Amino acid sequence: MLTAIGLLAVLLTGVNNTVLAQERGNEEARVSPNATVSQTIGTNIISISYSRPSVNDREVFGGSLVPFGEVWRTGANESTTITFSEDVTIEGQALAAGTYSLYTIPGEDQWTIIFNEKISWGTQYDENQDVIQVEVEPMEAEMMEQMMFYFTDITQTSGTAVLRWDDVKVPFTIKV
């Protein structure tokens, strides 16, 4: 019975991801192309869908493109979304299974990562729909022209999601 419920949750998450992927219009080539990355941690399927802006010889963080201390949609075009097929903890804070928009507040020494219930185009951020916010430390990294997400340090019970763009990487720990 429990296995059947788990399978149903995975199937529904797959349908949800398919619907979200279809909403990320691709009728024409985009300057910031769509991307999706998924990782299974234990039995929890985690997917991140986003658009990949490029540096294009611009000052990214701390300038006018992504100012420090202000909410950023974390990507381009539609909301970046993150989906969990099962409940998780993010940096120690509980988060229920589901799909959330992912916003950030970049800073020189600390970033706030925001999991929000409103999925929208661009910067239609509504702080009243925040579910959790976590604080993490950014790290210096080699230059990366296009923004990307990836996963590292995967075990049966945890993993690290990493946002990487320009010369910055921002990791956050997910436990299942």
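Residues numbered from 1 in each chain as written. Predicted model: local features only at pLDDT ≥ 70, side-chain atom pairs only at ≥ 80, totals over all residues. Heavy atoms only, no water.

Colleague: Whenever I open this one, the environment of Ser 120 confuses me. Can you help?
Modeller: One can find Ser 120 in the loop between strand 7 (111-116) and strand 8 (130-136). Given a relative accessible area of 11%, Ser 120 falls into the buried group. Measuring from C-alpha to C-alpha, the distance between Ser 120 and Thr 81 comes to 9.7 Å, with 39 residues separating the pair along the chain. Not counting the four nearest positions on each side in its chain, Ser 120 is found in contact with Glu 78, Ser 79 and Tyr 103. (Helix = DSSP H or I, 4+ residues; strand = E, 2+ residues; numbered from the N terminus. Buried < 20%, exposed > 50% of the residue type's maximum accessible area, 1.4 Å probe, protein only. Contact = heavy atoms within 4.5 Å.)

Colleague: Would you mind going over the nonpolar core with me for this structure?
Modeller: Ranked by internal contacts, the top residues of the largest apolar core, which has 34 residues, are Ile 82, Phe 84, Ile 90, Phe 115, Phe 172 and Ile 174. Broken down by element, the residue count for this core peaks at seven residues, all from strand 10 (residues 158-175). Setting aside residues up to four positions removed in sequence, Phe 172 forms contacts with Ile 82, Ile 90, Glu 91, Ile 113, Phe 115, Val 136, Gly 159, Thr 160 and Ala 161. (Core = buried A, V, L, I, M, F, W, Y, C linked by side-chain atoms within 4.5 Å.)

Colleague: Whenever I open this one, the environment of Val 88 confuses me. Can you help?
Modeller: Counting through the fold element by element, Val 88 comes out in strand 4 (residues 88-90). On the accessibility criterion, Val 88 (4% relative accessible area) is buried. Taking C-alpha positions, Val 88 is 6.6 Å from Ile 174, a pair spaced 86 residues apart along the chain. Not counting residues up to four positions away in its chain, the partners in contact with Val 88 are Asn 44, Gln 93, Ala 94, Leu 95, Ile 174, Lys 175 and Val 176.

Colleague: Hey, could you run me through the sheet that holds strand 9 (residues 139-152) in this one?
Modeller: Through backbone hydrogen bonds, the strands of a sheet pair up, either in parallel or in antiparallel fashion. Strand order in the open sheet made by the four strands is 5-4-10-9, with antiparallel pairing throughout. Each end of this open sheet is capped by a strand with a single partner; those strands are strand 5 (93-95) and strand 9. Between one strand axis and the next, the sheet turns by 35 degrees as a mean value, whatever way the strands run. As defined by bridge partners, strand 4 adjoins strand 10 across two bridges and the pair is classed as antiparallel. Looking across to strand 10, one finds that Thr 89 is bridged to Lys 175. (Pairing = 2+ DSSP bridges. Axes fitted to C-alpha atoms, helices over the stretch in contact; angles between N-to-C directions.)

Colleague: What exactly am I supposed to notice about the packing of aromatic side chains here?
Modeller: The relative placement of two aromatic rings is captured by the distance of their centres and the angle of their planes. On inspection of all chains with the given rule, the structure shows 10 aromatic pairs. Considering the side-chain rings of Phe 61 and Trp 111, the 5.2 Å spacing of their centres and the 65 degrees angle between planes classify their relative orientation as edge-to-face. With Phe 61 in the loop between strand 2 (44-51) and strand 3 (81-84) and Trp 111 in strand 7, this residue pair connects regions lying 50 residues apart in the sequence. With relative accessibility at 12%, the residue Phe 61 sits in the buried group. For the ring pair Phe 115 and Phe 172, a centre distance of 6.0 Å and an interplane angle of 80 degrees mean the geometry is edge-to-face. (Phe/Tyr/Trp six-rings, centres within 6.5 Å; stacked < 30°, edge-to-face > 60°.)

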